[in-house]
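# Commentary on secondary and tertiary structure
Listed below are the residues making up each chain.
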Amino acid sequence: MTLADLRKNIEDRSAFLGVVGLGYVGLPVACKFAEAGFRVIGVDIKPERVSMINAGQNPIEGREPGLAELLWKVVKSGQFKATSEYETICDADVIMVSVETPVGEDHKPGFEALRAATASIGSNMKPGALVIIESTIAPGTTDGLVKPLLEEISGLQLNTGFFLGHCPERVMPGKLLKNIETMPRVCGGSTPETAETMLDLYRIIVEDVDLDPTDCLTAELVKTTENTYRDVNIAFANEVALICEAVGGDVWKVRDLVNKVPARLMLEPGVGVGGHCIPKDPWLLANAADEAQTPLRIIPTARAINEFMPSHVSALLKDALASIDKEISGARILVMGYAYLADSDDTRNSPSEVLVAYLQETGAEVLIHDPYVPEYQSDLWELATEIDAVVVMVRHSQYLDIELEKLKATMKTPVLVDGRNVFDDQQAEALGIVFRGIGQGKVFT
Ligand code: SAJ
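In this report, we go over the structure that sits alongside the text.

About the criteria used
Positions within a chain are numbered from 1, following the residues in the order the chain's sequence is written. Local features in this predicted model are restricted to residues of pLDDT 70 or higher, and side-chain atom pairs are both shown and tallied only at a pLDDT of 80 or more, whereas totals for entire chains, interfaces and linings draw on every residue. Just so you know, side-chain values use all the structure's heavy atoms and leave hydrogens and water out. Starting at the N terminus, helices and strands are each numbered in turn, a helix being any DSSP run of H or I of at least four residues and a strand any DSSP run of E of at least two. Here the term buried applies to any residue with accessible area under 20% of the maximum for its type, exposed to any over 50%, and partly exposed to those in between, with areas from a 1.4 Å probe on protein chains only. Charged residues are defined narrowly, with Lys and Arg counted positive, Asp and Glu counted negative, and His plus the chain ends left uncounted. By definition here, a salt bridge exists when the distance from a side-chain nitrogen of Lys or Arg to a carboxyl oxygen of Asp or Glu is within 4 Å. For this analysis, a polar contact is any N or O atom pair within 3.5 Å, provided that within protein one partner can donate a hydrogen and the other can accept it, and provided that sequence-adjacent residues contribute only side-chain to side-chain pairs. Throughout, a contact is declared for two residues whenever any of their heavy atoms are within 4.5 Å. Any two of the Phe, Tyr and Trp rings considered here, Trp counted by its six-membered ring, make a pair once their centres fall within 6.5 Å; the pair's planes then place it as stacked at under 30 degrees, edge-to-face at over 60, or tilted in between. Two limits define a charge over a ring: the Lys NZ or Arg CZ must be within 6 Å of the ring centre, and within 35 degrees of the ring normal. A fitted line through C-alpha atoms serves as each axis, taken over the contacting stretch for helices, and the angle formed by two N-to-C directions is quoted from 0 to 180°. Reported orientations rely on four angle classes, namely roughly parallel under 35 degrees, roughly antiparallel over 145, roughly perpendicular from 65 to 115, and oblique for the rest. Left-handed describes a crossing in which the near helix is turned anticlockwise from the far one by less than a right angle; the clockwise case is right-handed. Here a residue is considered near a molecule or strand provided that any single heavy atom belonging to it is located within 4 Å of it. Exposure was quantified through the Shrake-Rupley algorithm and a 1.4 Å probe, taking into account, for residues, occlusion by the shown protein chains and nothing else. Gly is put with the polar residues, along with every residue not named as nonpolar or charged; the nonpolar set is Ala, Val, Leu, Ile, Met, Phe, Trp, Tyr, Cys and Pro, and the charged set is Asp, Glu, Lys and Arg. Residue ranges assigned to each domain were obtained from an automatic or database domain assignment.

## Brief notes about the side chain of aspartate 44
Following the sequence through the fold, aspartate 44 ends up in the loop between strand E2 (39-43) and helix H3 (47-54). Of the side chains with opposite charge, arginine 49 comes closest to the buried, unpaired aspartate 44, at an N-O distance of 4.3 Å. There is a polar contact of 2.8 Å between the side chain of aspartate 44 and the backbone nitrogen of lysine 46. Beyond its immediate sequence surroundings of up to four residues, aspartate 44 is in contact with Gly21, Leu22, Gly23, Arg49, Val50, Thr83 and Ser84.

Rendered as structure tokens:
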């Protein structure tokens, strides 16, 4: 099949689509293309996930508006089916790959899943197939890992025997379907015609936002750079917060006034950076430079600053307790917020996880509250009773309504560390609460 034939089959929806990896990236994509009228086969190595999907049940945790209903509809209509058998993609015209691409403790990319999926695709794909990597990958991976493996195993040559592209996912937990429909996408193709074919395909599920054709390397650089940009800017806000603490300033006032200046957008300081992509993607970008022995300073340093913030929160707590002759060891401490993001139940790479581990190692009795995380939804006021200190780690909307007077009256010892500018520091201190806040004024001894 030529790309011209494929474009016709995309237009009339007769193209047969395969999606490898049915997680929070692949499953919604498979459902959206099935809803658009394509026959879609999904491949996943987890049999229990395959069974759930074929029963029309959504295996993705957390609140994902519309996904469960859409999955049920496309499975029951027969448009979408899941399997663990790679052989089923032997007739697929397009194969999208959305398997995990983690980064190890050594900050090196873990491409085992990508390698395995690519090898299985190479063994089964038909001549003329278009393979599109949606996973976030280090720059150079499409050309340096995926292409040679597909050629070696399939015996086909790129751009004559098969086609290759990279269309990086831009999903967000809680908005999986919405982001697929409304986020612009970069379509990197192994040839310009391949990129144009990708635009034809994605235009069907992406509403009227930009789909930008380019090459695979550019697409890899865009995705990893967009998230590294965010990590570096969060680190900048955190470093300004540390300066404000040292000199007695208030970073929130500083940030508000800085952001009044045109072309300034200082992000929010806080307790660190969690989630599935921001802590990881800078290392994928940096990995490309490592390969070329290009010395980097900003990207690793920004990661170090953001990874430092949970320990800075515990230092603020230690300082606050010390001011009333208490120690972390033996103290009962309530950590408010365990998700990595406000008003989310996602706890992946949560800074709270780091803080809780440290406090427990230091001998504190730690209680956790989070209105979104099932295991931490006990009554906040019961948890706050007889507490020596409260540490606010996430700016959940529910916390914004908490009355400081009531909190103080409930606690045993009025110590409050505010990692996300939830409370008014002056009101807290006027109430006699020992207050410390990220980036807030106390000359931190
Ligand atoms: N964070 C800060 N200060 C900030 C912004 C975020 O400390 O000013 C922290 C958050 O608390 C969280 C982490 O950083 O722990 C990541 O937050 P995030 O808002 O970046 O949310 P993510 O991780 O879901 O990032 C996603 C990404 N979207 C995609 O990959 C499609 C990212 O590229 C987006 O920029 C981000 O959402 C967004 O803008 O919401």
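Here the narrative resumes, following the displayed structure.
## What to know about the packing of aromatic side chains
The relative placement of two aromatic rings is captured by the distance of their centres and the angle of their planes. Using the criterion set out here, one finds 3 aromatic pairs in the structure. Geometrically, the ring pair formed by phenylalanine 33 and phenylalanine 38 is edge-to-face, given 5.8 Å between the ring centres and 80 degrees between the ring planes. In terms of burial, phenylalanine 33 and phenylalanine 38 fall into one category: buried. Here a set of aromatic residues connected by ring pairs shows up, and it is made of Phe33, Phe38 and Tyr202. In this arrangement the basic side chain of arginine 348 is found over the ring face of tyrosine 24, its NZ or CZ atom lying 4.6 Å from the centre.

## Examining the packing of helix H9 (residues 216-247) against helix H12 (residues 298-322)
Contact geometry of H9 with H12 gives a least axis separation of 8 Å together with a crossing angle of 45 degrees. Between H9 and H12, the angle is such that the two are oblique. Where H9 crosses over H12, the two elements pack in a sense that is left-handed. Counting all contacts with H9, which are made through Thr228, Asp231, Val232, Ile234, Ala235, Asn238, Glu239, Leu242 and Glu245, the residues of H12 involved are Ile298, Ile299, Ala302, Arg303, Ile305, Asn306, Phe308, Met309, His312 and Leu316.

## Examining the site of the ligand
Inspection of the region around the ligand gives 17 residues, with Asn227, Arg230, Glu268, Gly274 and Tyr340 positioned closest. Within the side chain of lysine 223, a nitrogen or oxygen atom sits 3.1 Å from an oxygen atom of the ligand. Taking arginine 420, its side chain carries an N or O atom lying 3.0 Å from an oxygen atom of the ligand. If the ligand stood free it would expose 740 Å²; the protein chains cover 85% of that surface. Its residues assigned to classes, the shell around the ligand shows 9 nonpolar, 3 polar and 5 charged. Formed jointly, the shell around the ligand draws a minimum of three residues from each of two domains, domain 1 (3-215) and domain 2 (246-445).

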